[in-house]
Amino acid sequence: MKIPYGRQWIEDDDIESVVKVLKGDWLTQGPTIEEFELAFSNFVNCKFSVAFNSGTSALHGAMFAAGVKPGDEIITSPITFVASANCGAYIGAKPVLADIDLNTYCIAPKEIQKAITTKTKAIVPVDLAGYPIDLEPINKLAKEKGIIIIEDAAHALGAKRQGKLVGTQADMTMFSFHPVKHITTAEGGIITTNNEEYAERLKLFRSHGITKDPNKLRKNDGPWYYEMQALGFNYRITDMQCGLGVSQLKKAEKFINRRIQLADRYDEAFKNNSMIQTPPRLKEKVSRHVFHIYPILLDKSLDRKEIFIKLREKGIFCQVHYIPIHHQPYYQEQFNYKNNQFPKANEYYHREITIPLFPKMTDEEQTYVIEKINELTGYKKYDC
């Protein structure tokens, strides 16, 4: 038995949606992109969605749209994929890290407050594992200082914060469509916003900084005319990918509900195992954690590396999310970060293992994972 930590769920209707695009006139820069963007806006209840060829390029675009410039600073968590910080570095800004809250695994607002300087242009809070970080104190800090919030919700499609879907409470919010995410376009990402100016700048940035819009041209030599008005990139997503996205989005709630069901079962199976700390949960019924991943923290007395290797030997392909950004050689060389900084992030990293959780996972597969983890952590009395 081989069980990955995550994987896509592609069905016949998804394939048919892509084939429909392949048989049409447009493979890229066509109407299916706008169809997907509109459907996504309707899903999260925002005014604008702008799709990109990856979540990383979407974050890069958000930095451009926010007006981040060389010499500025952006604040994000050390426990995230490197893209959350890289997006500022691409622009020439300094990524500033702020420690996490071990009750949520997300960036701590009080640590953000300590990190703010006169150079802070943007804050990038991360909804780690699908936990919708409380934006209220972060928004309050940002409003007082004129700082822009770009939420990294790569893990949090469908998550709810006090009854509202993630995607509308930050200035801009990024979602990812990598195969292990809640829905997939193979590779892809999107920025949601209620700010029309940001949306227009995002569209400009993803296509070389070029516009053909007659209302935006500084002059017009004829119907062929276009202008490059900014230094943009080729970050366009294709119609084929968006065809898959349109189909996948219709099943998002089904996928999310299955993830929550699997997470509930893990919680129950591990609740009496003192060697395992299960992920934080939300107490409010109007909020929703959507479990992109299921990170467990092992007791400090256990050898994480040994357990990780033994799980893989048994066909359970767990992961670690994430190696802290301040441990990365590039960030140590370029920004002088040290391994011993951010003690809570370090504690989380040294204890964390991500165990398999994905919508297509069977009850039998999950039972096997539960049995092996409990065995390896020395817990014998369990009921799957």
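Residues numbered from 1 in each chain as written. Predicted model: local features only at pLDDT ≥ 70, side-chain atom pairs only at ≥ 80, totals over all residues. Heavy atoms only, no water.

Draft legend 1. Representation of the layout of surface pockets. Looking at the largest pocket, its volume works out to about 1000 Å³. The set of elements that each furnish at least two residues to the lining of the largest pocket consists of α2 (31-44), β2 (48-52), α7 (196-205) and β11 (210-211). Taken together, 24 residues form the lining of the second largest pocket, with F81, S176, H178, K181 and Y322 sitting closest to its centre. Going through the elements one at a time, α3 (55-65), α4 (83-91) and β9 (172-176) are the ones with two or more residues in the lining of the second largest pocket. (1 Å grid on protein atoms, 1.4 Å probe; cavity = no way out; pocket = protein on both sides within 12 Å on 5 of 7 lines; lining within 4 Å. Points joined across faces, edges and corners; volume = space filled by probe spheres on them. Helix = DSSP H or I, 4+ residues; strand = E, 2+ residues; numbered from the N terminus.)

Draft legend 2. Up close: the packing of aromatic side chains. Counted by the stated rule, this structure contains 18 aromatic pairs. Pairing W9 with F255 gives two aromatic rings, centres 5.5 Å apart and planes at 25 degrees, and the pair type is stacked. Of this pair, W9 sits in the loop between β1 (3-4) and α1 (12-22) while F255 sits in helix α9 (residues 252-270), and the two are 246 residues apart along the sequence. The interplanar angle of 70 degrees and the centroid separation of 5.6 Å between the aromatic rings of F40 and F177 together place this pair among those described as edge-to-face. In this pair, F40 sits in helix α2 while F177 sits in the loop between β9 and β10 (189-193), placing the two residues 137 residues apart along the sequence. (Phe/Tyr/Trp six-rings, centres within 6.5 Å; stacked < 30°, edge-to-face > 60°.)

Draft legend 3. Here's a closer look at the environment of T28. Relative to the helices and strands, T28 is located in the loop between α1 and α2. Placed 209 residues apart in sequence, T28 and I237 show a C-alpha to C-alpha distance of 7.2 Å.

Draft legend 4. Seen up close, the packing of α9 against helix α13 (residues 363-376). One way to put it is that α9 packs onto α13 with a least axis distance of 11 Å and a crossing angle of 30 degrees. If you check the angle between α9 and α13, you find them roughly parallel. The interaxial crossing formed by α9 with α13 has right-handed handedness. Across the interface between the two elements, R258, L262, R265, Y266, A269 and F270 from α9 touch D363, Q366, T367, V369, I370, I373 and N374 from α13. Partitioned by chemical class, the residues of the contact of α9 with α13 number seven nonpolar, three polar and three charged. (Axes fitted to C-alpha atoms, helices over the stretch in contact; angles between N-to-C directions. Parallel < 35°, antiparallel > 145°, perpendicular 65-115°, else oblique. Left-handed = near helix turned anticlockwise from the far one by under 90°. Contact = heavy atoms within 4.5 Å. Nonpolar A, V, L, I, M, F, W, Y, C, P; charged D, E, K, R; others polar.)

Draft legend 5. Fine view of the sheet that holds strand β13 (residues 276-277). Pairing in this open sheet of three strands is antiparallel, and the strands run β13-β14-β16 from one edge to the other. Single-partner strands in this sheet number two, and they are β13 and β16 (352-355). Pairing between strand β14 (residues 294-298) and β16: four bridges, direction antiparallel. Bridge pairing in β16 links I296 to I353. Most of the contacts of helix α10 (residues 304-313) go to β16, to which it runs at about 15 degrees, and overall it touches β14 and β16. (Pairing = 2+ DSSP bridges.)

Draft legend 6. Just empty space enclosed by the protein, in detail. With the rule as written, the count across this model stands at one cavity of 30 Å³ or more. One number sums up the size of the largest cavity: a volume of about 50 Å³. Lining the largest cavity, in full, are R7, Q8, W9, P179, K181, H182, T184, Q248, F255, R259 and P359. Counted by class, the lining of the largest cavity contains four nonpolar, four polar and three charged residues.

Draft legend 7. Region of interest: the nonpolar core. Counting residues in hydrophobic clusters, the biggest one holds 64 residues, and the most contacted among them are I75, I112, Y266 and Y294. In terms of residue count, α9 provides more of this core than any other element does, five residues in total. What I112 contacts, discounting residues up to four positions off in sequence, is I75, A98, I107, I123, I138 and L141. With 30 residues, the next largest nonpolar core counts A122, I148, L202 and Y235 among its residues. (Core = buried A, V, L, I, M, F, W, Y, C linked by side-chain atoms within 4.5 Å. Buried < 20%, exposed > 50% of the residue type's maximum accessible area, 1.4 Å probe, protein only.)

Draft legend 8. Fine view of the side chain of D239. Relative to the helices and strands, D239 resides in helix α8 (residues 239-249). One buried charged residue, D239, forms no salt bridge at all, with the nearest opposite charge on R236 at 8.7 Å. Here T28 takes part through its backbone nitrogen, which lies 3.5 Å from a polar atom of the side chain of D239. The contacts of D239, once residues within four sequence positions are left out, are V21, W26, L27, T28, Q29, G30, P31, T32 and I33. (Lys, Arg positive; Asp, Glu negative; His and termini not counted. Salt bridge = Lys/Arg side-chain N within 4 Å of Asp/Glu carboxyl O. Polar contact = N/O pair within 3.5 Å; in protein donor to acceptor, adjacent residues only side chain to side chain.)

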